[in-house]
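# Results of the structural survey
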Amino acid sequence: MSVLLFDREGPLVTLTLNRPDRLNAVNVELHEALAKAWDDIEGDDSIRAVLLTGSGRGFCPGQDLSDRDPESGEIPDLGHTLDTYYNPLIRRMRAWTKPKIAAVNGVAAGAGVSIALACDIVLAAESAKFLMAFANIGLAPDAGATWHYPRLMGEARAKAAMLLAEKIPAQQAADWGLIYRAVSDDSLMETARGLALKLASGPSLGLSHTIANINASWSHTLDQQLDRERDSQRTLGQSADYAEGVSAFLNKRPASFKGQ
Ligand code: T3D
């Protein structure tokens, strides 16, 4: 069985991290499978949304620590792992500006949290927990965690969550703004899939501009952002989906978007 399941349903791709015995911890094989999956996604314009989840009772506890051997006497270069695997993955996920939905089915820890947060909408099962585990093993948070956490939940909560390595329950993560919603365990996949299918058949160009503009806003002034929004509308106003959306509204019928 592959360590990463790639399922295609029309314009939607579902990626399932599939190392359930290790709660889907990321080893080199899974990193390489993720890189190949993103190659395929980036190369196929007909893919209009991605849903990411984990198999079994965990979502992802980050790096597979059984690949590390502190007793070997060798001094590891963990920066190399980040440069080779985690950072390119986070960068390309953020750069692919069509909707990415994470369905966090169980515990997410370490870089596993960062992989979820590289998605645009994060849903979690009520029983799931988010753990910045790095303080437990003498590391500092990586893979974008120190960028996402303070922006999403504020500096006070981010520092406490990271320094204390406390498990944050899904509902609290939603209350703090780390994720979009916590839903019952039983309804997680149905809710996430419904939302992903809706986005996959939505006006993909407009959705993509929305994601890209929000991402860009972190380093922009209001003036720069106003210009960027104007440029988006200029482009989108020429799209078939805009014509279809307005026509559907005026004719009181549902819109049928093609993503063009
Ligand atoms: O190294 C580099 O290249 C730098 C990059 C670092 C990025 C990182 O992500 S570092 C952070 C690594 N992650 C952690 O430190 C989290 C470690 N895991 C845990 O703290 C706990 O397992 C959890 C809180 C996530 C879940 O606890 P629990 O009690 O629900 O489950 P468990 O019994 O601990 O785990 C179940 C199995 O999964 C267990 O295996 P076993 O005993 O049944 O054979 C456990 O060893 C395995 N597992 C869980 N996390 C990892 C793992 N195996 C390898 N690596 C893991 N990260």
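See the structure shown above.
A short tour of the structure in this document, coming up. (Residues numbered from 1 in each chain as written. Predicted model: local features only at pLDDT ≥ 70, side-chain atom pairs only at ≥ 80, totals over all residues. Heavy atoms only, no water.)

## As for the overall build of the protein chain
Broken down by element type, the protein chain carries 10 helices and 10 strands. A globule of 260 residues ought to have a C-alpha radius of gyration of about 18 Å, and the protein chain, at 19 Å, matches this closely. Here the analysis covers contacts within the protein chain between residues at least 6 apart in sequence; of these, 67% occur between residues at least 24 apart. Total accessible area on the protein chain stands at roughly 13400 Å², and carbon and sulfur atoms take up 54% of it. (Helix = DSSP H or I, 4+ residues; strand = E, 2+ residues; numbered from the N terminus. Rg over C-alpha atoms; globule rule 2.2 N^0.38 Å. Contact = heavy atoms within 4.5 Å. Areas by Shrake-Rupley, 256 points an atom, 1.4 Å probe, with all protein chains shown as cover.)

## A look at the sheet that holds strand β9 (residues 167-169)
Strand order across the open sheet formed by four strands is β4-β6-β8-β9, with mixed pairing between neighbours. The sheet terminates laterally at β4 (58-60) and β9, the two strands that pair on one side only. For this sheet, the mean inter-axis angle between neighbouring strands, taken without regard to orientation, is 20°. Here strand β8 (residues 129-131) runs beside β9; their pairing, made up of three bridges, is antiparallel. (Pairing = 2+ DSSP bridges. Axes fitted to C-alpha atoms, helices over the stretch in contact; angles between N-to-C directions.)

## Details of the environment of Leu-52
Counting through the fold element by element, Leu-52 comes out in strand β3 (residues 49-54). The exposure class of Leu-52 is buried, given its relative accessible area of 4%. For the pair Leu-52 and Ala-216, spaced 164 residues apart in sequence, the C-alpha separation works out to 23 Å. Excluding its chain neighbours within four sequence positions, the residues that come into contact with Leu-52 are Leu-15, Leu-17, Phe-59, Met-93, Ile-101, Ala-102, Ala-103, Ile-115 and Cys-119. (Buried < 20%, exposed > 50% of the residue type's maximum accessible area, 1.4 Å probe, protein only.)

## Focus on the nonpolar core
Counting 53 residues, the largest nonpolar core has Leu-15, Val-104, Phe-130 and Tyr-149 as the members making the most contacts within it. Per element, the largest residue contribution to this core is six residues, and it comes from helix α1 (residues 28-42). In contact with Leu-15, not counting residues within four places along its chain, are Leu-4, Leu-5, Phe-6, Ala-37, Trp-38, Ile-41, Val-50, Leu-51, Leu-52 and Thr-53. One finds Ala-125, Leu-188, Ala-192 and Leu-199 within the second-largest nonpolar core, a separate group that totals 14 residues. (Core = buried A, V, L, I, M, F, W, Y, C linked by side-chain atoms within 4.5 Å.)

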